[in-house]
Amino acid sequence: MAELPQRQTDIGPPHYEKFLPPVIKKNYGQWSYHEVLSHGHMVHTAKSGDKIWTVRVASPRLLSTTTIYEMCDVADKYCGGHLRFTTRNNVEFLVSDEKNVTPLMEDLKKRGFLLGGIGDGISNIVHTQGWVHCHSAATDASGLVKAMMDEFADYFTKTSLPARVRIAVACCVNMCGAVHCSDIALVGVHKTPPRINAETLKNQCEIPSTISSCPTTAISPDPKTKSVKIKLEKCMYCGNCYSVCPSMPIADPVNDGIAIVVGGKVSNLRSNPKFSKLAIPWIPNNPPRWPEVVAAVKTIIDTYKAGAKKHERVGEWVERIGWEKFFALTGFEFKAQHIDNFTFARETFRTTSSFKW
Ligand code: SF4
Ligand code: SF4
C-alpha cells in the first residue's frame, strides 16, 4: 500500500532544524569562535571558515503584528528570511553574506530600531504582562521597562559596563519573569491581603480549589457565610487565590508597589549561578514614569560601574565587597523586611531573597 503523506497538525512545535539558516545547518556543532564587532553586531566563524553575522535590535516585547511583519520584511530582504528572538526578546537578524551587514544595520536604524544589547552592557529588559493583561499585577511591566530603557538606552547601544547586566521585571511575586536570576530585578508586590466578597464567592468559586490554591494554608472554610476566611498572619499576599477565585481581589492602588532585588545570574562562568537578594522592599507605584524606581536602579548601576572589576557581575561584585557595604554605598536603608522571619512557608533552603540570621 502506498504510504500516506504525513498529516500536518498544530500539535507540538515543528522541528527547529527547518528554520536554521543554511550556513548554520551546514556547520552544525562545528563553530569555532565569535567576535563582538560592536554593541549591535557580532560574527561567528566555523571550523570550515564559513561565517555568519548577527545584527541585534531591541524589541518592545509586546509586539504589534505590524512590527512583526516589518521585521520579517527586513529579514526577507537581507537575511534570506532568517531571524530569531533571544531569551531576553532581542531580535537577531542572521546574515550569511557580509555585503548585507552594513545595509541591514543602516536600514534598521532608519526604521527606528535600537541596535545593541551585545557584550558587556544592558541587554533587552525582560518583563511580564503588567496592567495590559494580567489580573494579579501589582505594577505595570511595559510602562516601567519603557521608563527604564529611556534612561539606560546608552548602555544598550554604546556604553560598556564591567560585565553583562541583565534586568528583569515581574509584575507580581508569581514572577513569570526571570527575576530570581537577573542582575537587577523589579517585582510588583502586594502589601494587603485579598478582600473576600462572600456574596459572589459562593456562586463564582469552588471552595476546595480556592482553599488548596493557598501555598501557606491561610484559607479555610467559613460555613457561616458559605464562603472562606483568611488567617491574616499566614497570608503572604501572593495573589494565588485570586487566580483561582475572582471574588478575592488583591489589587490595591495605594499599597501595591515595587521591590528591587539584585545579584542573580544564570551563568556558571567564574562563579556559580545565584539567586537575587532583596535590596529595596517597597517603592510606591508612580506611573507613568516611575521616577523613584528609575532613580534607584540608576544608583545600583552607577555604584556597580564605579566599584566592580572587569567581568564581575553585579552579584559577584556585591559578594566581594559584602552586603553591608552594598547598603552603605548605595544609601539604601536596611529594613525589617530584609530579614526572613516568615515561618509559615516550608523550608527555603536559604534560597529566599531575604537575609537569614
Ligand atoms: S508576574 Fe504575576 S501579574 Fe505579572 S504576568 Fe505573571 S502572574 Fe501576572
Ligand atoms: S494571597 Fe496567597 S497567601 Fe494570601 S490567602 Fe491568597 S493564596 Fe494564601
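Residues numbered from 1 in each chain as written. Chains lettered and ligands numbered in written order. Predicted model: local features only at pLDDT ≥ 70, side-chain atom pairs only at ≥ 80, totals over all residues.

A. Seen up close, the overall build of the chain. For the chain, the count of helices and strands is 10 helices and 12 strands. Taken over the C-alpha atoms alone, the chain extends approximately 75 × 70 × 35 Å along its principal axes. Considering the chain as a whole, with its 357 residues, one finds that 38% of them fall into the buried category. Sequence separation of at least 24 residues holds for 63% of the intrachain contacts in the chain that already meet a minimum separation of 6. (Helix = DSSP H or I, 4+ residues; strand = E, 2+ residues; numbered from the N terminus. Buried ≥ 20, exposed ≤ 12 C-beta atoms within 10 Å, placed from the backbone. Contact = placed C-beta atoms within 7 Å.)

B. Spotlight on unusual backbone geometry. At the junction of proline 287 and proline 288, the peptide bond is cis and its omega measures out at 10° in the coordinates. The backbone of arginine 61 sits at a positive phi, close to 70°, despite the residue not being glycine. Of note, arginine 61 is situated in the loop between strand S3 (51-57) and helix H2 (65-78). A positive phi angle, close to 65°, is found at arginine 270, a residue other than glycine.

C. Representation of the site of ligand 1 within the structure. Within the structure, ligand 1 sits among Thr128, Gln129, Cys134, Ser136, Ala137, Ala170, Cys171, Cys172, Asn174, Met175 and Cys176. Broken down by class, the residue content of the shell around ligand 1 amounts to seven nonpolar, four polar and no charged. (Near = placed C-beta within 6 Å. Nonpolar A, V, L, I, M, F, W, Y, C, P; charged D, E, K, R; others polar.)

D. The sheet that holds strand S1 (residues 31-38), seen in detail. Judged by pairing direction, the sheet is antiparallel, and its five strands sit side by side in the order S1-S2-S3-S5-S4 without closing on themselves. Taken across any chain shown, the strands that pair with only one partner, and hence form the sheet edges, are S1 and strand S4 (83-85). Strand-to-strand twist in this sheet, taken as the mean axis angle between neighbours without regard to direction, amounts to 25°. One ladder, built from five bridges, connects strand S2 (residues 41-46) with S3; its direction is antiparallel. Counted as the bridge partner of methionine 42 is threonine 54 from S3. Sheet strands in contact with helix H3 (residues 101-110) are S2, S3 and strand S5 (91-95), and its direction is about 10° off that of S3. (Pairing = 2+ DSSP bridges. Axes fitted to C-alpha atoms, helices over the stretch in contact; angles between N-to-C directions.)

E. Quick peek at the sheet that holds strand S11 (residues 257-262). The five strands lie next to each other as S6-S7-S8-S11-S12, forming an open sheet whose pairing is mixed. If you trace the sheet from one side to the other, it starts and ends with strand S6 (126-127) and strand S12 (277-284), each paired once. For strand S8 (residues 184-189) and S11, the ladder comprises six bridges, and the chain directions are antiparallel. By the bridge assignment for S11, valine 189 is matched with glycine 257. Across the sheet, helix H8 (residues 291-307) lies against S8, S11 and S12, angled at about 155° from S12, the strand it touches most.

F. How the structure looks around the pairing of strand S7 (residues 167-170). On S7, burial covers both faces: Ile167 and Val169 on one face and Ala168 and Ala170 on the other are all buried. Bridge analysis of S6 against S7 gives two bridges, and the strand direction is parallel. The residue bridging valine 126 from the neighbouring strand is alanine 168, located in S7. Running through helix H4 (residues 142-157), the crossover from S6 to the neighbouring parallel element S7 is left-handed. (Right-handed = clockwise from strand over helix to strand, strands pointing away.)

G. Structural context of the environment of cysteine 238. Within the secondary structure, cysteine 238 is located in the loop between strand S10 (227-230) and helix H7 (240-244). Counting along the chain gives 66 residues from cysteine 238 to cysteine 172, while the straight-line C-alpha distance between them is 7.6 Å. Filtering out sequence-adjacent residues up to four positions away, cysteine 238 remains in contact with Val173, Asn174 and Pro215.

H. The arrangement of the domain arrangement of the chain in detail. By domain assignment, the chain separates into domain 1 (16-110), domain 2 (126-191 + 253-338) and domain 3 (198-236). Taken residue by residue, the interface counts six residues in domain 1 and eight residues in domain 2. In terms of residue class, the side of domain 1 that touches domain 2 is made up of two nonpolar, two polar and two charged. (Domains from an automatic or database assignment.)

I. Region of interest: the packing of H4 against H8. The geometry of H4 relative to H8 is characterised by a closest axis approach of 10 Å and an angle of 45° between their N-to-C directions. Here H4 lies oblique to H8, going by the angle between them. Both H4 and H8 take part in a crossing whose hand is right-handed. Seen from H4, the contacting residues are Leu144, Ala147, Met148 and Glu151; seen from H8, they are Val293, Val294, Val297 and Lys298. (Parallel < 35°, antiparallel > 145°, perpendicular 65-115°, else oblique. Left-handed = near helix turned anticlockwise from the far one by under 90°.)

J. Main features of H8. With 17 residues, H8 should cover 24 Å at 1.5 Å per step; its first-to-last C-alpha distance of 24 Å lies within 8% of that length. When we look at burial in H8, the residues that qualify are Val293, Ala296, Val297, Ile300, Ile301, Thr303 and Tyr304. All buried residues of H8 project into a common sector of 165° when viewed along the axis, lining one side. Turned more than 90 degrees away from the buried face of H8, the exposed residues are Pro291, Ala295, Asp302 and Ala306. If you follow the buried residues of H8, they end up packed against H4, S8, S11, S12, helix H9 (314-321) and helix H10 (323-330). (Expected span 1.5 Å × (residues − 1). Arc of directions from axis to C-beta.)

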